[in-house]
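# Structure assessment
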Amino acid sequence: MGLKKKLLLLGILCMAAAIGPAVRLEQTVGGGAVMEISQKPPLVALTFDDGPRNSTTGRLLEGLALREVPATFFLVGSRIPGSESLIQEMAAAGHQIGVHTFDHIQVTELSHRDFDLQVGKTRALLADILGSRDFWLRPPYGIVDATARQWADGPLILWSVDPEDWKDSDVNRIVATVTEQAEDGDIILMHDIYDSSVDAALRIVDTLLARGYCFVTVEQLMQLRDTAPERGALYTSLPPGR
């Protein structure tokens, strides 16, 4: 089987296992009794900030499509004009889309009016392209306070694995950081505006798929973990049993 077909099959099987009934394994225990063990594949949500950037985000979408892997993109509003078709492609492929403010600005430094402009204007741009839907917020730098949580009008999505892929273009380091740290329920932070990050992300997907991990959007992760998104709540990961 060629690499492309193998990657596609891994992605399809992964999602089918994640959303379908648990796999039941039989294990013999003392006295000859049989114990059934229900298993679900480990889940991770791969997320990207600071885009869109047509060249790198476009290449990333192609690679994710090849693997049938969904991701979550938190977009900067000022980068949206000129990338409308790319965003439509992103949504059509099943990726989740959220907001990363209009100017990539720390939300705790904003007045209520400016907060609404930074977040609301970006949501309005996305609604013009995709129609009305929920566009969850990821605050730049992961910095929030009680006031920002109150104003967010939805959940705030942070992360649990951060390879700091913006620091350098060392693809091997970025891949190793994520694949060594990733656990069931993690939300992984990356940035789709760097070629090195795209290269690393696709290698991370291949490595974790081969280990039996399934990639889901943040919204899917919540659904599969029976977690209802709450306004003003912070989410860094959703491990089993949450």
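These remarks concern the structure in this document. Quick caveat: nothing in here was measured; it's all calculated off a predicted structure. (Residues numbered from 1 in each chain as written. Predicted model: local features only at pLDDT ≥ 70, side-chain atom pairs only at ≥ 80, totals over all residues. Heavy atoms only, no water.)

## What to know about the overall build of the chain
Applicable threshold: Helix numbers and strand numbers start at the N terminus; a helix is a DSSP run of H or I with at least 4 residues, a strand a run of E with at least 2. Using a 1.4 Å probe on the protein chains alone, a residue whose accessible area is under 20% of its type maximum counts as buried, one over 50% counts as exposed, and one in between counts as partly exposed. Only heavy atoms enter the contact rule, under which two residues are in contact if any of them lie within 4.5 Å. With residues, only the protein chains shown are counted as cover, and all accessible areas are computed by Shrake-Rupley using a 1.4 Å probe.
Counting secondary structure elements, the chain contains 8 helices and 9 strands. In the chain, which comprises 242 residues, the proportion classed as buried is 48%. Summarising the internal contacts of the chain: among those between residues at least 6 apart in sequence, 72% fall at separations of at least 24. Here the chain displays about 11400 Å² of accessible surface, and carbon together with sulfur accounts for 50% of that area.

## Comments concerning the nonpolar core
Put simply, the test is: Residues grouped as a nonpolar core are buried Ala, Val, Leu, Ile, Met, Phe, Trp, Tyr and Cys residues, joined through side-chain atoms within 4.5 Å.
Among the nonpolar cores identified, the biggest contains 47 residues, and Phe73, Ile97 and Met190 are the most heavily contacted of them. With 8 residues, the top contributor of residues to this core is helix H7 (residues 195-210). Within the second largest apolar cluster, 14 residues are counted, among which are Leu43, Cys214, Val216 and Leu221.

## Regarding the side chain of Thr177
On the secondary structure map, Thr177 appears in helix H6 (residues 171-181). Judged by relative accessible area, Thr177 falls into the buried class, the value being 17%. With sequence-adjacent residues up to four places away left out, Thr177 is seen in contact with Asp162 and Pro163.

## Side note on the environment of Thr236
Relative to the elements of secondary structure, Thr236 occurs in the segment after strand E9 (234-235). Considered as a pair, Thr236 and Gly185 are 51 residues apart in the sequence and their alpha carbons are 9.2 Å apart. Residue contacts for Thr236: discarding those within four places in its chain leaves Leu158, Trp159, Ser160 and Ile187.

## What about the pattern of salt bridges?
Pairing between side chains of opposite charge can happen when the charged atoms of each approach one another. We count it as follows: Note on definitions: salt bridges are taken to be side-chain nitrogens of Lys or Arg within 4 Å of carboxyl oxygens of Asp or Glu.
Within this structure, the stated rule accounts for 9 salt bridges. The residue Arg231 makes a salt bridge to Asp153 at a minimum N-O spacing of 3.2 Å. Highlighted residues: Arg231 in the loop between helix H8 (218-224) and E9 and Asp153 in the loop between helix H5 (146-151) and strand E6 (156-157), separated in sequence by 78 residues. Since its relative accessible area comes to 63%, Arg231 is described here as exposed. Linking Arg173 and Asp168 is a salt bridge whose minimum nitrogen-to-oxygen distance equals 3.1 Å.

## Notes on the side chain of Gln96
Cut-off, in case you're wondering: For the purposes of these results, a polar contact is taken to be a pair of N or O atoms within 3.5 Å, where, inside protein, one atom must be able to donate a hydrogen and its partner to accept one; residues adjacent in sequence count only when each atom of the pair is a side-chain atom.
Note on placement: Gln96 falls in strand E5 (residues 96-99). Classification of Gln96 as buried rests on a relative accessible area of 10%. Separated by 3.3 Å, the side chain of Gln96 and the backbone nitrogen of Val218 make a polar contact. For Gln96, the contacting residues outside a window of four places in its chain are Ala71, Thr72, Phe73, Trp136, Thr217, Val218 and Glu219.

## Comments concerning the packing of aromatic side chains
For clarity, the cut-off: Only the six-membered ring of Trp is used, alongside the rings of Phe and Tyr, when aromatic pairs are assigned; centres must lie within 6.5 Å, and planes under 30 degrees apart are stacked while those over 60 apart are edge-to-face, with the rest tilted.
As enumerated under the stated definition, the model contains 2 aromatic pairs in all. Consider the rings of Phe48 and Phe73, whose centres lie 5.3 Å apart with planes at 20 degrees: the pair is stacked. Remark: Phe73 occurs in strand E4 (residues 72-75) and Phe48 occurs in strand E3 (residues 43-49); sequence separation between them is 25 residues. For the pair Phe48 and Phe73, one class covers both residues: buried.

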